[in-house]
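One letter stands for each residue in the lines below.
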Amino acid sequence: MPEQDHTLGVGELIAHRHRADSAPGARTDGHRLALVIEGGSSRGAFSHGMAMAIEELGILHCFDAVYGASAGALNGAWLLCGRAVDSERAWAPEVINRVISPARALRGGRVVDTEYLVHTVYERIVPMDFPAILANPVTFHPIATDADTGAAVDLHGELTDSASVQAALRASTCLPILAGRPVRIGARRFVDAGISESVPIRTAVAQGATRVLVLRTRRADEIMRPPSTVESRVVARYLARHAPGTVDPWLTRVRQHHRDEEDFAADPAVLQIRPPLHAPAIGRTNRDPALLREALTLGRAITARTLATYLTPTLSA
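Reference entry: report on the structure contained in this document. (Residues numbered from 1 in each chain as written. Predicted model: local features only at pLDDT ≥ 70, side-chain atom pairs only at ≥ 80, totals over all residues. Heavy atoms only, no water.)

Looking only at helices and strands, the protein features 11 helices and 8 strands. A globule of 317 residues ought to have a C-alpha radius of gyration of about 20 Å, and the protein, at 19 Å, matches this closely. Taken along the three principal axes of its C-alpha coordinates, the protein extends 60 × 40 × 35 Å. Buried positions account for 58% of the 317 residues belonging to the protein. Summed over all atoms, the accessible surface of the protein reaches about 13400 Å², with 53% contributed by carbon and sulfur. Mean positive and mean negative side-chain charge positions of the protein (35 and 34 charges, respectively) differ by 8 Å. (Helix = DSSP H or I, 4+ residues; strand = E, 2+ residues; numbered from the N terminus. Rg over C-alpha atoms; globule rule 2.2 N^0.38 Å. Buried < 20%, exposed > 50% of the residue type's maximum accessible area, 1.4 Å probe, protein only. Areas by Shrake-Rupley, 256 points an atom, 1.4 Å probe, with all protein chains shown as cover. Lys, Arg positive; Asp, Glu negative; His and termini not counted. Charge placed at Lys NZ, Arg CZ, Asp CG, Glu CD.)

This paragraph deals with the pattern of salt bridges. Under the defined criterion, the tally for this structure stands at 19 salt bridges. One salt bridge connects Arg-43 with Glu-38, and the closest N-O pair in it is separated by 3.7 Å. Pair check on accessibility: Arg-43 and Glu-38 agree, each one buried. In this structure, Glu-261 and Arg-274 form a salt bridge, with 2.7 Å as the shortest nitrogen-oxygen distance. Taken as a pair, Glu-261 in helix H10 (residues 247–264) and Arg-274 in the loop between strand E8 (270–273) and helix H11 (289–316) lie far apart in primary sequence, 13 residues in all. When sorted by exposure, Glu-261 lands in the same class as Arg-274, which is buried. Each of Glu-38, Arg-43, Arg-216, Arg-218, Glu-261 and Arg-274 takes part in salt bridges that share partners, so that together they form one network. (Salt bridge = Lys/Arg side-chain N within 4 Å of Asp/Glu carboxyl O.)

Before going further, it helps to examine the side chain of Thr-145. You can see Thr-145 is positioned in strand E3 (residues 139–146). Looking at Thr-145, the relative accessible area reads 0%, which means it is buried. Among the polar contacts listed, one links the side chain of Thr-145 to the side chain of Ser-196, at a separation of 2.6 Å. When near neighbours in sequence (up to four residues on either side) are disregarded, Thr-145 contacts Gly-150, Ala-151, Arg-189, Phe-190, Val-191, Asp-192, Ala-193, Ile-195, Ser-196 and Thr-246. (Polar contact = N/O pair within 3.5 Å; in protein donor to acceptor, adjacent residues only side chain to side chain. Contact = heavy atoms within 4.5 Å.)

Compared with an ideal rise of 1.5 Å per residue, which puts 12 residues at 16 Å, helix H5 (residues 114–125) spans 14 Å between its outermost C-alpha atoms and falls more than 12% short. Those residues of H5 that fall on the buried side of the exposure criterion are Thr-114, Tyr-116, Leu-117, Val-118, Thr-120, Val-121 and Tyr-122. N-cap assignment for H5: the residue whose side-chain oxygen lies 3.4 Å from the backbone N of Glu-115 is Asp-113. (Expected span 1.5 Å × (residues − 1).)

Here Gly-150 shows up in the loop between E3 and strand E4 (152–154). Using a relative accessible area of 9% as the deciding quantity, one classes Gly-150 as buried. For the pair formed by Gly-150 and Arg-32, sequence separation is 118 residues and the distance between their alpha carbons is 27 Å. Apart from residues lying up to four places away in sequence, Gly-150 is in contact with Thr-145, Ser-196, Gly-245, Thr-246 and Pro-249.

All right, on to the packing of helix H2 (residues 44–57) against helix H3 (residues 71–80) then. With their axes 9 Å apart at the nearest point, H2 and H3 run at an angle of 20 degrees to one another. Viewed along their axes, H2 and H3 adopt a mutual orientation that is roughly parallel. Here H2 and H3 pass one another in a crossing that is right-handed. Along the contact surface, H2 presents Gly-44, Ser-47, His-48, Ala-51, Ile-54 and Glu-55, while H3 presents Ala-71, Asn-75, Trp-78 and Leu-79. The residue inventory of the contact of H2 with H3, partitioned by class, reads 5 nonpolar, 4 polar and 1 charged. (Axes fitted to C-alpha atoms, helices over the stretch in contact; angles between N-to-C directions. Parallel < 35°, antiparallel > 145°, perpendicular 65-115°, else oblique. Left-handed = near helix turned anticlockwise from the far one by under 90°. Nonpolar A, V, L, I, M, F, W, Y, C, P; charged D, E, K, R; others polar.)

Below, the structure written as C-alpha cells:
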C-alpha cells in the first residue's frame, strides 16, 4: 500500500495526478480522491456547468469515485460517460418544460417526471451512454434514501447494466410528492437523496475517501431554512404513508445540513466549489431558460477558474 503524502491538499493532489497521468487502480500516492456532487433539482444546472468544466479540463481520471445526490447523480453520470458538455442540451426549454410541469399536479400527475427524463430524454433525445458509466474505472455512487429506514444508501452495488443505472438515477431523484411514489430496486424502495444526504461527503469519507472535491449548488450565503408549518404537515403526512422511514430525516434535514456545513467548512481534506455570490437564486422547480443558462455558465466558469489555480503549471508544461 503506497504511503500517503499528507502535505497534498485536494487541488494539489489533482494537479499531481494530472501531471503524472495516473489512473484508478495504478495510484502511487496512497490517497482515495472522491468527487461529490450536490443535489438541488433545478439548482443542478450549477453543478452541471461544473461537471462540464471538469470534462473540459480532462481531469476525471484523477478521481477514484464520483458520488452524486439527486440532480448531482445525474450530472455525475454525464461526466462518467464522457458527455457532460454535449448534454448541456438537456437543459433546453423543450426538455425542461416537459420534465418539470407544475400544471400536471392539477391533473393528478407528477410535477417532476423523472421516468420521462431517464427513459425518454436520456435514451433518445439527449442520449446518455449507460455502458460507458459502468465501464469507467472511476466508480459511480448514486445516493438515494431508503423509504423504510430513512438511511442514505449508496446504490453502487446495484449497478450491473443500463436498466439498473436508470433505476438508480430515478431513485436518487425521486422527490416526495413532486416525483411520485418511491422507486423499487430489488426488495427495497427509495426516494430522493436530499432527504438523507444532499451533499454525500460523509458517505464518501466513510468509504475511504482521504480527499474530497465537492461541487455545490448553493452559494456560500444561501441558508437552508426549515419548511413552513403547512409544508411540514403536508409532506410529513405523505411520507408517513408512502415512505415512513423518512419522516424524521426529512423533519431534521435542515439541522443536519447546518451540522455538515460546520463540520466540513474548514476541513483541509475537503475543497468545495460553490456558485459565486452574485449567482441567481434558483428554486428546485425553476424552468426559466435564461436563469438555467446563467447557472450553467457560472458553474462552468467558477470551476475552471478555481482548478486553474492548481493546474496551470501542469497545463502549460
